[in-house]
Amino acid sequence: MISKLISKLGYTRFIALSFIPVILLGTFLLCLPISSKTGEWTNFIDSLFTSVSATCVTGLIVFDTFTHWTVFGQIVILTMIQIGGLGLMTIITMISIFLRKKINMRERKMMMQSSGNTQIDGTLKLVKKIVGGTFIFEGIGAVLLAFRFCPQMGMLKGIYYSCFHAISAFCNAGFDLNGKYGAYSSLCEFRSDPVVNITACLLILSGGIGFMVWDDIVKYKLKFRSYRLHSKIALSMTAALTLIGTALFLIFEHNNTAAGLGFGEELLLALFNSVTPRTAGFNTVDTAALSPASTILTICYMFIGGSPGSTAGGVKTVTVAVLFLAAIASMRNDEDINLFGRRLEEDMPKKALSVAAFSLTLIVIGVTAICGIQPELDPTDVVFEAVSAINTVGMTTGITRDLNSISRIIIMLMMYCGRVGSVSFALIFTNTKRYSGVRNPEETISVG
């Protein structure tokens, strides 16, 4: 059945459309009275928005997860987060392996594309590692968080909260249950707690560096030279962005949200501010209170996001690295792009540019449409919201609840595009490559 659908739709379309049944089922379940604490039906648009945000591991919400949804509703959201983080096709493959069903070559190729692998050989082993590694990381994270949550909330509730936040952090989803301390407060209650902050940061980074990178780490341990070029770039960019971001947030927020804090707390706040925009969506201070410089930096980090083949969104670290290297090579008039003793494929800059350009185009269209529909909204807040949506971050300055139904539909489409990949979304409509037997004459133009 699956093989026939793949053959009919193509790999890209099948992967992209696989999220829709999960979103629709989640919407139906969240609409039910059993899902809301009021015991009433939740309207379709709000349920759909929550379902899209959870499945696309974004974190933008119209209702506080704790105050509006019952435990049943919260578990529905958590299930969608886990499915969205792993990918429906990863879960289907694991079920097939468990039932000992034969997985044909077409399905293996589809899994290769879904998991972000670069070669079909070893894809099934990688899928097993993805699922096993996910539960290991989430389990360790839950145990660490339990040391803080259980004494404060009691054993059962502490374990539940620990598991929820560990899954949400690893999947870079940004959903939380801390509305008991104040609606939409995220992790602000724990902003000075090193255990909660560092555990959350490690989970976010672990989920965001990509499964291929973890495959190299498991295989070669700390022998960096043996890693694939992809892993070297992803790890280098992740480390650089984290360190640079921490230093800049330390400077930008010193006399703002970090005013009056000790150096340790200030450093913890800066580290969290550097990690969470790529693309977790948690916050330990009011996002709307960030300084203008920090807001711009956060938007930039949200746009970059995590690494390919991960639970994170964004145009991805490797994409940005390729664009940066291509620009340097162009300025130096170098024929090749070389890095770590390897040469990049010739069409790689074109692919990277298409990803960045298409994402920027969607952001401009979304921002323009929302500002046109609701001119009373601050354009900076709308840009922040749109970048957060298309890159599946979930951070907001607080305008999500002020959006009308049409603006919410626009944000939903942006979250969906961000999860399946903006270019992949475009290929849903044009999945067949175009070949021309005749090429037009070449002519030089001026750029820059």
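These figures come from a predicted structure and were not determined experimentally.

Definitions and limits used
Residues numbered from 1 in each chain as written. Predicted model: local features only at pLDDT ≥ 70, side-chain atom pairs only at ≥ 80, totals over all residues. Heavy atoms only, no water. Helix = DSSP H or I, 4+ residues; strand = E, 2+ residues; numbered from the N terminus. Buried < 20%, exposed > 50% of the residue type's maximum accessible area, 1.4 Å probe, protein only. Contact = heavy atoms within 4.5 Å. Areas by Shrake-Rupley, 256 points an atom, 1.4 Å probe, with all protein chains shown as cover. Salt bridge = Lys/Arg side-chain N within 4 Å of Asp/Glu carboxyl O. Phe/Tyr/Trp six-rings, centres within 6.5 Å; stacked < 30°, edge-to-face > 60°. Lys NZ or Arg CZ within 6 Å of the ring centre and 35° of its normal. Expected span 1.5 Å × (residues − 1). Polar contact = N/O pair within 3.5 Å; in protein donor to acceptor, adjacent residues only side chain to side chain. Patch = residues over 30% accessible without salt bridge, like charges linked within 9 Å, V, L, I, M, F, W, Y side chains within 5 Å. Axes fitted to C-alpha atoms, helices over the stretch in contact; angles between N-to-C directions. Parallel < 35°, antiparallel > 145°, perpendicular 65-115°, else oblique. Left-handed = near helix turned anticlockwise from the far one by under 90°. Nonpolar A, V, L, I, M, F, W, Y, C, P; charged D, E, K, R; others polar.

A. Molecular detail of the overall build of the protein. Of the regular secondary structure elements, the protein holds 20 helices and two strands. The buried share among the 448 residues of the protein stands at 52%. Across the protein, contacts joining residues at least 24 apart in sequence account for 69% of those joining residues at least 6 apart. Within the structure as shown, the protein displays about 21300 Å² of accessible surface, and the carbon and sulfur contribution to it stands at 64%.

B. Structural context of the pattern of salt bridges. Scanning the model with the defined rule gives seven salt bridges in all. The partner of arginine 408 in a salt bridge is aspartate 46, with the nearest N and O atoms 2.4 Å apart. Of this pair, arginine 408 sits in helix H19 (residues 405-420) while aspartate 46 sits in helix H4 (residues 44-55); the two residues are 362 residues apart in sequence, bridging distant segments of the chain. With respect to burial, arginine 408 and aspartate 46 carry one shared label: buried. Between aspartate 215 and lysine 219 there is a salt bridge whose closest N-O contact spans 4.0 Å.

C. Local environment of the environment of serine 307. Relative to the elements of secondary structure, serine 307 occurs in the loop between helix H15 (292-304) and helix H16 (317-331). Separated by 72 residues in sequence, serine 307 and leucine 235 have C-alpha atoms that sit 8.7 Å apart. Residues within four places of serine 307 in sequence aside, it is in contact with Gly208, Ile209, Gly210, Ala234, Thr238, Lys316 and Thr317.

D. Inspection of the packing of aromatic side chains at higher detail. Throughout the structure, instances matching the rule amount to nine aromatic pairs. Ring centres 6.0 Å apart and planes at 80° place the aromatic pair phenylalanine 63 and tryptophan 69 in the edge-to-face group. The exposure class assigned to phenylalanine 63 is partly exposed, which follows from its relative accessible area of 22%. Ring geometry for tyrosine 160 and tyrosine 161: centres 6.2 Å apart, planes at 75°, overall edge-to-face. With relative accessibility at 22%, the residue tyrosine 160 sits in the partly exposed group. Overall, tyrosine 161 belongs to the buried group, its relative accessible area being 3%. What links up through ring pairs into an aromatic cluster is the set Phe137, Phe170 and Trp214. The aromatic ring of phenylalanine 66 is capped on one face by lysine 37, whose charged end is 4.0 Å from the ring centroid. Of note, arginine 401 hangs over the ring of tyrosine 184, and the distance from its end group to the ring centre comes to 3.7 Å.

E. Region of interest: helix H11 (residues 194-208). Taking 1.5 Å of rise per residue, 15 residues should cover 21 Å, and H11 covers 21 Å from first to last C-alpha, within 8% of that figure. Of all the positions in H11, only Val196, Asn197, Thr199, Ala200, Cys201, Leu203, Ile204, Ser206, Gly207 and Gly208 are classed as buried. One side-chain oxygen at the N-terminal end of H11 lies 3.0 Å from the backbone nitrogen of valine 195; it belongs to aspartate 193. In the stretch just after H11, glycine 210 is the one whose phi turns positive, near 105°.

F. Inspection of the side chain of histidine 68 at higher detail. Note that histidine 68 resides in helix H5 (residues 65-68). For histidine 68, a relative accessible area of 15% puts it in the buried group. In this structure, histidine 68 is in contact with Ser35, Ser36, Lys37, Thr42 and Phe63, ignoring residues within four places of it in sequence.

G. A nonpolar patch on the surface, seen in detail. On the surface, Ile136, Ile140, Val143, Leu144 and Phe147 cluster together into a nonpolar patch covering about 490 Å² of accessible area. As for its placement among the helices and strands, leucine 144 is situated in helix H9 (residues 123-153). Owing to a relative accessible area of 35%, leucine 144 belongs among the partly exposed residues under this scheme.

H. Representation of the packing of helix H6 (residues 71-86) against helix H10 (residues 155-170) within the structure. Between H6 and H10, the shortest axis-to-axis distance is 10 Å and the interhelical angle comes to 30°. The angle between the axes of H6 and H10 places the two elements in the roughly parallel class. Seen along the crossing, H6 lies across H10 with a hand that is left-handed. Contact residues: H6 offers Val71, Gln74, Ile75, Leu78, Ile81 and Gln82, while H10 offers Tyr160, Phe164, Ile167 and Ser168. The class makeup of the residues in the contact of H6 with H10 is seven nonpolar, three polar and no charged.

I. Looking closely at the environment of serine 162. Tracing the chain through its elements places serine 162 in helix H10. Serine 162 sits 16 residues away from alanine 146 along the chain, and the two C-alpha atoms are 5.4 Å apart. A polar contact of 2.6 Å, which involves the side chain of serine 162, links it to the backbone oxygen of glycine 158.

J. Structural detail: H15. Taking 1.5 Å per residue, 13 residues should reach 18 Å; H15 reaches 19 Å between its end C-alpha atoms and fits that length. Those residues of H15 that fall on the buried side of the exposure criterion are Ser294, Thr295, Leu297, Thr298, Ile299, Tyr301, Met302, Phe303 and Ile304. Looking at the residues trailing H15, positive phi occurs at glycine 305, about 75°.

K. Representation of the environment of threonine 27. Among the secondary structure elements, threonine 27 is positioned in helix H3 (residues 19-31). Ignoring anything within four residues of it in the chain, the contact list for threonine 27 reads Phe44, Ser47, Leu48 and Ser51. Within the structure, the side chain of threonine 27 is placed 2.7 Å from the backbone oxygen of isoleucine 23, a separation counted as a polar contact.

L. Structural detail: unusual backbone geometry. In the segment running from arginine 278 into threonine 279, the intervening peptide bond is cis, with an omega of -10°. Take threonine 279: it is sitting in the loop between helix H14 (263-275) and H15. A positive phi angle is found at asparagine 172, which is not glycine, with a value near 55°. Phi is positive for asparagine 333, which is not a glycine, with a value near 60°.

M. Focus on the packing of H4 against H19. At a minimum axis distance of 9 Å, the contact between H4 and H19 shows a crossing angle of 20°. As the angle between them shows, H4 and H19 are arranged roughly parallel. At the point where H4 passes H19, the crossing takes the left-handed sense. Contact with H4, carried on its side by Ile45, Asp46, Leu48, Phe49, Val52, Ser53 and Thr55, involves Arg408, Ile409, Ile411, Met412, Met415, Tyr416 and Arg419 of H19 and no other residues of that element. Here the residues of the contact of H4 with H19 are counted per class, giving nine nonpolar, two polar and three charged.

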